[in-house]
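Observations on the three-dimensional arrangement
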Amino acid sequence: MLPALDTLIGEAARAGMTHIVLAMPHRGRLSLLTGLLGYDLAAVFHKINGGAEVLVDGGQINGDILYHQAASPTLTYDGKDIKVSLLPNPSHLEFINPVALGKTRAKQHSLLKALEKGEESMEGCTLGDEVMCIQLHGDSSFTGQGVVMESLGCSNLPHYTSGGTVHIIVNNNMDHATPAPFARSSAYSSDVGKMINCPVLHVNGDHPEDVIRAVKIAFEYRNQFRKDIIIDLLVYRRCGNNELDEPDLTQPLMFQKIRAKRGVPELYEEKLVAEGTLSKDAALSLRNSYKATIAEALSASASYSPPLAKLDGQWSSAKIDGEDAKMVWPSSPKARTFDTGVGAESLKVVGRASVSVPEKFDIHPHLHGFVNSRLTAIEKGQGIDWITAEALAFGSLMLEGCDVRIAGQEIGKGIFNHRHAMFVDRKTDKVVVPLNYGLGGATGKLELVNSALSEVAALAFEYGASWERPDLLPIWEAQFGDFANGAQVIIDTFVSGAEAKWAKQSGIVLVLPHGLDLPAPEHSTCRLERMLQLTNDSFDPQCKTNINMHVVFPTTPAQYFHLLRRQMKRNYRKPLVVAGPKLLLFHPAASSTLADMSPGTKFHPVLPDALPPTSGVERVILMSGKLYYDLIKERAARGLDGRVAIVRIEELAPFPFAHLADVLQPYTGMSKDVEWVWVQEEPRNQGAWSHVKDRLDTVLKDLGVQQGVRYVGRRESAVPAPGIGKVYEVQQKAVVDGVFAGL
């Protein structure tokens, strides 16, 4: 494996490449780290003895096991420098692959953008000229993990290709304790590559020079055709699943043969000595020298201090409000959010551009109403709907130099036929993205990615891009919120945990349409409870936790506008999970004004009742999400405007203790006892209830209220919503009635 990688990286450097993005599992990782990549052996022993691998400004990360560590050295071959980025990986095999692909493509786009900014010619530049992705795989995981197929399926798509990946399958013919005939249905572990007509080179790992020859052929193919190629490296391993495993228990005949074999280093050394290329004394001296180096590193590890993680290169600064703002760690006391508001005239320019098309461009007749409605709202400065607010956020960021990339299934049109961020000429099939066409002076671009029918690879790709480019707003929108279930490994191991494990920042946005709008067990929920459970949100209002990701449930277009812009108007990056709207996209009451987005305005974690507190309030309703619009309508119909207050918690994590206390404080001084109620349309075992209950009680106790919060909503359920229309209607009515019962 190591000679193969050394040769491949060397060939890339000599061909003029400047970056390698490398993804691999844990097996063989330490040898690669401490050998070819020059990882400090003292750091390895320090980690083995319980030390941290890296420190960050303002706090300490949780860290990860030794076999997941990363490195980014610059290697030199024949005077040519090349940076190799070995990415950190989770224990879930192969899931780093699409992350690496996303980072590779984003790296190439950032290099092209640097050329453009320097006013250099980009003529002749193509994807893959300077950056190459290398992926190492196990034979069993390559055939067994579906993310491999999803990643390969994206490899030649216009918005996903990165100019070809070289895959190396480290094929030891064993799936943990499962023999190969029981682990796959194909003759070769590489056969999944046939789906994209990927060439495969099978080579015997016992012969290093043959391996090097195969690697050179693979590189030449990749560089010529910019397509993926697979090297099937046929090898074996002497231990079982780990160093403590006894493989004789399940494969006795195979391991009898393996233990009778002499190792490749020993055999190759004999060959070199026989040829006169290397003397026995030189070989012995080399081994002894390396053993001495290891011993010295072990001694040095006692006084080793882990380095402070650096934010360098493209992560050193971000252009905010026309100036270079130094990027910091989110835990740093210097972390801050800048003004997310934008002037009305600038927003009008963006709004007009968002529906502009070339002359004689023939859009569908049904879209004329969409265009006219948006232009009318923009000119009036009111009636701004959800998707117009999104376009205003995108366009204003583009004017400030940020790129925006939003990916998902049916992104351009929108799954609810709502976005229309791209138009198609009915006569020519030509596509135009209005914000790219009509927004003169914008240095940022909008990339609309109608993805393959994939969740895990599609999200992981955007996440990988977020690691590479802090000047990019990367968004993955699920077709429905529960489609995130198919990408749960990425959410669990990368989105929610990468900063804590690996000190990796990400500005990824997950838009997950959520709401019990119709009777349907599927597509009703983004599993909000799971997203909240994944956060490290504190139960103590005095504890200043460095939240691992934001989870929000906004109810107005302006709130969404500010959230999107907040992602880029900070000198650090955080993932954002948005429980997004469905029917609320078209709700006439769910609209905002340009004044709501003007300079000095911002996202509000808590929205107070539109009606001021009065002494007549008997019940305060606390809630999140689109049910708000049903409740204010019902409150007015029942004549209870003066007796019931409705407060929206728009940001659920980090929980807005101080903001909520400020909003609720006026209700605690009423002459009569006020009842406090949490309402949600999700079942009791789902939604936000389990997350907010104790935190709400804490806020009330700190305000001197001893009474706890009462729950109103659906009872516990095995599914998010019933699929029987009449049952759904009865349940939904019961939720609304329960809010006002007894008044």
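No experiment lies behind these values; they were computed from the predicted model shown.

1. Some thoughts on the overall build of the protein chain
- Helix and strand counts for the protein chain come out as 24 helices and 25 strands.
- In terms of its C-alpha atoms, the protein chain occupies a principal-axis envelope of roughly 100 × 65 × 50 Å.
- Within the protein chain, the proportion of its 743 residues that are buried is 54%.
- Relative to all contacts within the protein chain whose residues are 6 or more apart in sequence, the contacts with residues 24 or more apart total 80%.
- When the accessible area of the protein chain is evaluated, it comes to approximately 31600 Å², of which 54% is carbon and sulfur surface.
- Charge centroids of the protein chain, computed over 76 positive and 84 negative side chains, lie 2 Å from each other.

2. Considerations on empty space enclosed by the protein
- This structure, assessed with the given rule, holds seven cavities of 30 Å³ or more.
- The calculated volume of the largest cavity comes to roughly 100 Å³.
- When residues in the lining of the largest cavity are grouped by element, the largest group, four residues, is from helix H14 (residues 386-399).
- Within the lining of the largest cavity, the residues separate by chemical class into seven nonpolar, two polar and three charged.
- Within this model, the second largest cavity holds a volume of roughly 80 Å³.
- Lining the second largest cavity are 13 residues, and of these His418, Glu477, Val511, Pro581 and Leu585 lie nearest its centre.
- Only H14 and strand S17 (509-513) provide two or more residues apiece to the lining of the second largest cavity.
- Broken down by element, the lining of the second largest cavity gets its largest block of residues, three residues, from H14.
- Of the residues that constitute the lining of the second largest cavity, the class distribution is eight nonpolar, two polar and three charged.

3. Considering the sheet that holds strand S25 (residues 710-714)
- With mixed pairing, the five strands of this open sheet are ordered in space as S20-S22-S21-S24-S25. The sheet is open, and its two edges are formed by strand S20 (606-607) and S25, each paired on a single side.
- The sheet contact formed by strand S24 (residues 675-683) and S25 spans five bridges and is parallel. Looking at the pairing, Val677 lines up with Arg710 of S25.

4. What to know about the pairing of strand S9 (residues 229-234)
- Among the six residues in S9, five count as buried, and that is most of the element.
- Taken together, the six bridges between strand S5 (residues 165-171) and S9 define a ladder with parallel strand orientation. What sits directly across from Ile169, in S9, is Asp232.
- Pairing of strand S8 (residues 200-204) with S9, which is carried by five bridges, proceeds in the parallel orientation. Counted as the bridge partner of Leu201 is Ile231 from S9.
- Handedness of the S8-helix H8 (residues 208-225)-S9 crossover: right-handed.

5. What about the UniProt feature "domain: Transketolase-like pyrimidine-binding" (unreviewed entry) in the protein chain?
- Mapped onto this structure's residue numbering, the UniProt feature "domain: Transketolase-like pyrimidine-binding" (unreviewed entry) falls at residues 384-587.
- With 31% helix and 17% strand, residues 384-587 has its two end C-alpha atoms placed 11 Å apart.

6. Digging into the sheet that holds strand S12 (residues 403-408)
- Taken together, seven strands build an open sheet; the order of strands is S15-S12-S16-S17-S19-S18-S23 and the sheet is mixed. Both edges of this open sheet fall to strand S15 (446-450) and strand S23 (651-653), since each of them pairs with a single strand only. Each adjacent strand pair in this sheet contributes to an overall mean axis angle of 20°, direction not counted.
- By the bridge criterion, five bridges tie S17 to strand S19 (residues 576-580) in an arrangement that is parallel. For Leu510, the partnering residue across the bridge sits in S19 and is Val577.

7. Considerations on the environment of Ile258
- On the secondary structure map, Ile258 appears in helix H9 (residues 252-260).
- Here the alpha-carbon distance between Ile258 and Ile9, two residues 249 residues apart in the chain, equals 30 Å.
- Filtering out sequence-adjacent residues up to four positions away, Ile258 remains in contact with Tyr236, Arg237 and Arg238.

8. Description of the packing of helix H21 (residues 627-637) against helix H24 (residues 725-740)
- Taken N-terminus to C-terminus, the directions of H21 and H24 make an angle of 55°; their axes are 11 Å apart at the nearest point. Of the possible angle classes, the one that applies to H21 and H24 is oblique. You can see that H21 and H24 cross each other, and the crossing is right-handed. Contact residues: H21 offers Leu627, Leu631, Glu634 and Arg635, while H24 offers Gln732, Val735, Val736, Val739 and Phe740.

9. A few points about helix H1 (residues 2-14)
- For H1, with 13 residues, the first-to-last C-alpha span of 18 Å sits near the 18 Å given by 1.5 Å per residue.
- Every buried residue of H1 is accounted for by Ala4, Leu5, Thr7, Leu8, Ile9, Gly10, Glu11, Ala12 and Ala13.
- Of the residues flanking the end of H1, it is Gly16, one or two places downstream, whose phi is positive at about 95°.

10. Observations concerning the nonpolar core
- Membership of the largest hydrophobic core comes to 76 residues, with the highest contact counts inside it found for Val620, Leu660 and Trp678.
- By residue number, the principal contributor to this core is helix H16 (residues 456-468), which donates seven residues.
- Not counting the four nearest positions on each side in its chain, Leu660 is found in contact with Val606, Leu622, Val647, Ile649, Phe655, Leu696 and Val699.
- Core analysis: the second largest hydrophobic core is formed by 61 residues, Leu448, Ile475, Val552 and Val677 among them.

11. A few points about the pairing of S24
- For S24, the tally of buried residues reaches eight of nine residues, placing the bulk of the element in the interior.
- In terms of strand pairing, strand S21 (residues 619-623) meets S24 through four bridges, oriented parallel. When the sheet's bridge partners are listed, Leu622 is paired in S24 with Trp678.
- Note that the unit made of S24, helix H23 (residues 689-702) and S25 has a crossover that is right-handed.

12. Examining the layout of surface pockets
- Estimated volume of the second largest pocket: approximately 1200 Å³.
- If you go around the second largest pocket, you meet 42 residues; those closest to its centre are Ala71, Ser72, Lys310, Asp312 and Lys504.
- Elements with a minimum of two residues in the lining of the second largest pocket: strand S1 (19-23), strand S3 (80-86), helix H4 (96-117), H16 and helix H18 (498-502).
- Class assignment of the residues belonging to the lining of the second largest pocket gives a composition of 23 nonpolar, nine polar and 10 charged.

13. Let's talk about the packing of aromatic side chains
- According to the stated counting rule, one finds 13 aromatic pairs in the structure shown.
- When the centroid spacing of 5.5 Å and the interplanar angle of 25° are considered together, the rings of Trp386 and Tyr560 count as stacked. Here Trp386, found in helix H14, pairs with Tyr560, found in helix H20 (residues 557-568); they are 174 residues apart in sequence, far enough to count as distant.
- Take Trp386: its relative accessible area is 2%, and that puts it in the buried class.

14. A word on the domain arrangement of the protein chain
- You can read the domains of the protein chain as domain 1 (1-21 + 99-259), domain 2 (344-514 + 553-597) and domain 3 (609-740).
- Spacing between the C-alpha centres of domain 1 and domain 2 amounts to 34 Å.
- Opposite the 16 residues of domain 1 that make contact, domain 2 presents 27 residues.
- Of the roughly 1700 Å² buried between domain 1 and domain 2, counting both surfaces, carbon and sulfur atoms make up 62%.
- Contact with domain 2 buries area across many residues of domain 1, yet Val99, Lys113 and Tyr160 alone supply 38% of it, more than any other trio.
- In this structure, the connection of domain 1 to domain 2 is made through four salt bridges.
- In this structure, the salt-bridge partner of Glu468 is Lys107, at a minimum N-O distance of 2.9 Å.
- Summed over the shared surface of domain 1 and domain 2, the number is 10 residue pairs in polar contact (both at pLDDT 80 or more).
- By residue number, the principal contributor to the side of domain 1 that touches domain 2 is H4, which donates 10 residues.
- Broken down by class, the residue content of the side of domain 1 that touches domain 2 amounts to six nonpolar, five polar and five charged.

Criteria and cut-off values
Residues numbered from 1 in each chain as written. Predicted model: local features only at pLDDT ≥ 70, side-chain atom pairs only at ≥ 80, totals over all residues. Heavy atoms only, no water. Helix = DSSP H or I, 4+ residues; strand = E, 2+ residues; numbered from the N terminus. Buried < 20%, exposed > 50% of the residue type's maximum accessible area, 1.4 Å probe, protein only. Contact = heavy atoms within 4.5 Å. Areas by Shrake-Rupley, 256 points an atom, 1.4 Å probe, with all protein chains shown as cover. Lys, Arg positive; Asp, Glu negative; His and termini not counted. Charge placed at Lys NZ, Arg CZ, Asp CG, Glu CD. 1 Å grid on protein atoms, 1.4 Å probe; cavity = no way out; pocket = protein on both sides within 12 Å on 5 of 7 lines; lining within 4 Å. Points joined across faces, edges and corners; volume = space filled by probe spheres on them. Nonpolar A, V, L, I, M, F, W, Y, C, P; charged D, E, K, R; others polar. Pairing = 2+ DSSP bridges. Right-handed = clockwise from strand over helix to strand, strands pointing away. UniProt positions renumbered as here; feature names shortened; annotations may be inferred. Axes fitted to C-alpha atoms, helices over the stretch in contact; angles between N-to-C directions. Parallel < 35°, antiparallel > 145°, perpendicular 65-115°, else oblique. Left-handed = near helix turned anticlockwise from the far one by under 90°. Expected span 1.5 Å × (residues − 1). Core = buried A, V, L, I, M, F, W, Y, C linked by side-chain atoms within 4.5 Å. Phe/Tyr/Trp six-rings, centres within 6.5 Å; stacked < 30°, edge-to-face > 60°. Domains from an automatic or database assignment. Buried area = accessible area lost by both parts, 1.4 Å probe. Salt bridge = Lys/Arg side-chain N within 4 Å of Asp/Glu carboxyl O. Polar contact = N/O pair within 3.5 Å; in protein donor to acceptor, adjacent residues only side chain to side chain.

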